[in-house]
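Listed below, chain by chain, are the residues.
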Amino acid sequence: MHEMSLVEALMEALLEAFEKHPNWLRARRVELHVGRLRQVVPEAMIFCFDVASRGTPLEGACLDLVEIPLEAFCEACGHRWGPEDLVFFCPACGSVDVETVAGMDLDIASMEVEEGDG
Ligand SMILES: [Zn+2]
């Protein structure tokens, strides 16, 4: 289950944000953008988050996962295409000089926090 290692990296980033903002009491909601190529199982990710966040300011926060579809870009002709053509050569010119521009994301998009007087 690779979700646990992703959650550990996520927790590290979130707790670091809490350290920088001493007036933050706890998180209410975290929105996470996850690329399709990460092949994350949302239920597993949320389960791992619930376990890993126990005893931290993130305990009880709602984890919203937003799946980012795959998008590829052709270096040769500039063509871009999306998840419906999951191929690693350019459907327009046939070049294999192709870059994945979306789909590997694992970004904290936003976080709602409860603030204290701090
Ligand atoms: Zn092309």
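Everything that follows concerns the structure shown earlier in this document.
Residues numbered from 1 in each chain as written. Predicted model: local features only at pLDDT ≥ 70, side-chain atom pairs only at ≥ 80, totals over all residues.

### A word on the overall build of the protein
Step number 1: A count of helices and strands for the protein gives two helices and six strands.
Step number 2: The helix and strand sequence of the protein, counted from the amino end, reads α-β-α-β-β-β-β-β.
Step number 3: For 118 residues, the compact-globule estimate of 2.2 N^0.38 gives 13 Å, and the C-alpha radius of gyration of the protein, at 18 Å, exceeds that figure by more than 25%.
Step number 4: The principal-axis extent of the C-alpha atoms belonging to the protein is close to 60 × 30 × 20 Å.
Step number 5: In the protein, buried positions account for 16% of the 118 residues.
Step number 6: Looking at the protein alone, contacts between residues at least 24 apart form 72% of all its contacts between residues at least 6 apart. (Helix = DSSP H or I, 4+ residues; strand = E, 2+ residues; numbered from the N terminus. Rg over C-alpha atoms; globule rule 2.2 N^0.38 Å. Buried ≥ 20, exposed ≤ 12 C-beta atoms within 10 Å, placed from the backbone. Contact = placed C-beta atoms within 7 Å.)

### A look at the pairing of strand E1 (residues 24-35)
Step number 1: Both E1 and strand E6 (residues 106-115) contribute to a ladder of nine bridges, which runs antiparallel. Its bridge partner lying in E6, Trp 24 is registered against Glu 115.
Step number 2: Note that E1 and strand E2 (residues 62-68) share seven bridges and pair parallel. Directly across from Val 30, in E2, lies its bridge partner Leu 63.
Step number 3: As a crossover connection, the stretch from E1 through helix H2 (residues 42-52) into E2 is right-handed. (Pairing = 2+ DSSP bridges. Right-handed = clockwise from strand over helix to strand, strands pointing away.)

### Observations regarding the sheet that holds strand E5 (residues 98-102)
Step number 1: With respect to topology, three strands assemble into an open sheet ordered E4-E3-E5, the strand pairing being antiparallel. Only two strands of the sheet have a single neighbouring strand rather than two, namely strand E4 (80-81) and E5.

### Some thoughts on the environment of Val 113
Step number 1: Relative to the helices and strands, Val 113 is located in strand E6.
Step number 2: Spatially, the C-alpha atom of Val 113 lies 7.1 Å from that of Leu 25, the residues being 88 residues apart in sequence.

### Examining the sheet that holds E6
Step number 1: Taking strand neighbours across the sheet as the criterion, the three strands line up as E2-E1-E6 in an open arrangement whose pairing is mixed. In this open sheet, the two strands that pair with only one neighbour each are E2 and E6. When the angles between neighbouring strand axes are averaged without regard to direction, this sheet yields 20°. (Axes fitted to C-alpha atoms, helices over the stretch in contact; angles between N-to-C directions.)

### A word on helix H1 (residues 3-20)
Step number 1: Here H1 is 18 residues long and its end C-alpha atoms lie 26 Å apart, about the 26 Å a rise of 1.5 Å per residue gives.
Step number 2: On its buried face, H1 is in contact with E1, H2 and E6. (Expected span 1.5 Å × (residues − 1).)

### Concerning the nonpolar core
Step number 1: With 14 residues, the main nonpolar core has Ala 27 and Val 30 as its most contacted residues.
Step number 2: Listed by contribution, the elements that provide at least two residues to this core are H1, E1 and H2.
Step number 3: Considering every element that reaches this core, the biggest residue donor is E1, with four residues.
Step number 4: When residues no more than four places from it in sequence are discounted, the contact partners of Ala 27 are Leu 14, Pro 57, Leu 58, Ala 61, Met 111, Glu 112 and Val 113. (Core = buried A, V, L, I, M, F, W, Y, C linked by C-beta atoms within 7 Å.)

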